[in-house]
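Now for the letters of each chain:
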Amino acid sequence: MDEAAVRDRLRTVEDPELGDDIVSLGLVNEITVEGEEVAIDLALGAPYSPSETTLAGDIREILVDEGLEPDLSASIPDRDDVTNDEQVLPNVKNVIAVASGKGGVGKSTVAVNLAAGLSRLGARVGLFDADVYGPNVPRMVDADEPPMATEEETLVPPEKYGVKLMSMAFLTGEDDPVIWRGPMVHKVITQLTEDVEWGHLDYLVIDLPPGTGDTQLTMLQTMPVTGAVIVTTPQDVALDDARKGLEMFAKHETVVLGIAENMSTFACPDCGSEHDIFGSGGGKEFAETHEMPFLGSIPLDPAVREGGDGGTPTVLEDGDTGDAFRTITENVANNTGIVHRRGVSSGRASETPSPDQ
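Thresholds, definitions, all that
- Residues numbered from 1 in each chain as written.
- Predicted model: local features only at pLDDT ≥ 70, side-chain atom pairs only at ≥ 80, totals over all residues.
- Heavy atoms only, no water.
- Pairing = 2+ DSSP bridges.
- Helix = DSSP H or I, 4+ residues; strand = E, 2+ residues; numbered from the N terminus.
- Axes fitted to C-alpha atoms, helices over the stretch in contact; angles between N-to-C directions.
- Contact = heavy atoms within 4.5 Å.
- Buried < 20%, exposed > 50% of the residue type's maximum accessible area, 1.4 Å probe, protein only.
- Expected span 1.5 Å × (residues − 1).
- Arc of directions from axis to C-beta.
- Salt bridge = Lys/Arg side-chain N within 4 Å of Asp/Glu carboxyl O.

K.L.:
Would you mind going over the sheet that holds strand S3 (residues 28-34) in detail, with residue names and values included?
P.N.:
Strand pairing in a sheet is mediated by backbone hydrogen bonds. Such pairs are either parallel or antiparallel. The strand order across the open sheet built from three strands is S3-S4-S5, with neighbouring strands paired in mixed fashion. Because the sheet does not close on itself, it has two edges, and the strands there are S3 and strand S5 (69-74). Neighbour to neighbour, the strand axes of the sheet diverge by 15° on average, direction disregarded. In the sheet, S3 pairs with strand S4 (residues 37-42) via six bridges, with the strands oriented antiparallel. Of the residues in S4, the one forming a bridge with valine 33 is valine 38. In the packing of helix H1 (residues 3-10) onto the sheet, contacts are made with S3 and S4, and the angle to S3 comes to roughly 130°. Strands in contact with helix H2 (residues 50-65) are S4 and S5; relative to S5, the strand with the most contacts, it is inclined by about 155°.

Given below as structure tokens:
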């Protein structure tokens, strides 16, 4: 079987989320056939996302049925207008910003569980606690080992649950307040990202501070953010502020991967009844109104608080709440893949000459 025949077989594989076959979508970068061995490079950009894992499995199955030995790899073509020297974090495939319009909605909890959940899937993950005024990620993963410094004056991040960690909390005293103006925030954010030995990562999750201030603007202006997750609770007050965050990302042309609703229904362990303490369905309705993906709801569960205080992410535990975090993690990974595949597909479609050219 030659390259053309392999390509024809690949036309039978449909991307269920983009609604066309992978060849027509331009998701096949390269095919090399040597005897019964077929090497295929695919434009898949979300490692260990369930949907892209399934897509790769479908491709392997079709080729094996033809008596071929498939060797699949994945890469997203680099932008032509950005050189390697100009890239920020060139070894990080995806930067995921976790944000909220207001404090107290569990944004850091979602960020920690998202990072741990992605690592649980098998991905190489980093977690950057960019909430410089109130960094608490180290406590939430029970990490007290500070980063190590190299001779080149870069920082080697500690690791917990397979996640590389960086936080302002590592560099200040436990009770020391951080009182900085905008320029200092910009400088430390730059240092704590670019001067850190992150290595090769599939995902770098960034826990942004609440609101739409200097730190958020610095991150969006300097970091190659793949997409953002907005965390809210069901109540109207939180949703009002979530709209501000949505508007901030829109102004900076940052893709919103979806809305995560935290602190939804509370299942009372004593009476067995369910209580909508902060309202019901507000996050899902907000996502539908703004035509954004809804990532899922996290119940109001004391286990989440216990996990945060004790340093064990709930996503790693059994139970309904752990399942809720795992669903959100998978949806974030899947939506990250859609962003990449849609970008590759539309870019290659624009390069194809029209019949009149």
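K.L.:
How would you summarise the sheet that holds strand S7 (residues 125-129) if you had to cite specific residues and measurements?
P.N.:
Here we have eight strands laid out as an open sheet, ordered S10-S11-S7-S12-S6-S13-S14-S17, and mixed in their pairing. In the strand order of this sheet, the two ends are held by strand S10 (159-160) and strand S17 (294-299), each with one partner. When strand S6 (residues 95-99) meets strand S12 (residues 203-207), the two strands line up parallel, connected through four bridges. Considered in S12, the bridge of isoleucine 96 is made with valine 205. Lying on the sheet, helix H3 (residues 107-121) is in contact with S6, S7, strand S11 (163-167), S12, strand S13 (227-232) and S17; it crosses S12 at an angle near 170°. This element, helix H8 (residues 282-289), spans S13, strand S14 (256-264) and S17 of the sheet and lies at about 160° to S14.

K.L.:
Give me the lowdown on unusual backbone geometry, citing residues and values where you can.
P.N.:
In this model, leucine 89 sits at a positive phi of 55°, which is unusual for a non-glycine residue. By the element assignment, leucine 89 lies in the loop between S5 and S6. Phi at glutamate 291 takes a positive value of approximately 55°, unusual for a residue other than glycine. As for its position among the elements, glutamate 291 is in the loop between H8 and S17. Judged by its relative accessible area of 73%, glutamate 291 is exposed.

K.L.:
Any chance you could break down H2 for me, citing the residues and the numbers?
P.N.:
An ideal rise of 1.5 Å per residue puts 22 Å on 16 residues; H2 measures up with 23 Å between its terminal C-alpha atoms. Within H2, the full set of buried residues consists of Ser51, Glu52, Leu55, Ala56, Ile59, Ile62 and Leu63. Buried residues of H2, seen end-on, are gathered within an arc of 140° and therefore sit on one face of the element. The outward face of H2, more than 90 degrees from its buried face, is lined by the exposed residues Glu61 and Asp65. The first or second residue beyond H2 is glycine 67, which carries a positive phi of 80°.

K.L.:
Before we move on, can you summarise the pattern of salt bridges with the specific residues and values?
P.N.:
The full count for this structure, using the stated rule, is twelve salt bridges. In this structure, the salt-bridge partner of glutamate 3 is arginine 7, at a minimum N-O distance of 3.3 Å. With glutamate 3 and arginine 7 both in helix H1 and four residues apart, this pair spans about one turn of that helix. Look at glutamate 3 and you get partly exposed, because its relative accessible area is 38%. Classification of arginine 7 as partly exposed rests on a relative accessible area of 23%. Measuring nitrogen to oxygen at the nearest pair gives 3.5 Å for the salt bridge that ties arginine 305 to aspartate 309. Residue arginine 305 and its partner aspartate 309 are located together in helix H9 (residues 302-310), separated by four residues, close to a single helical turn.

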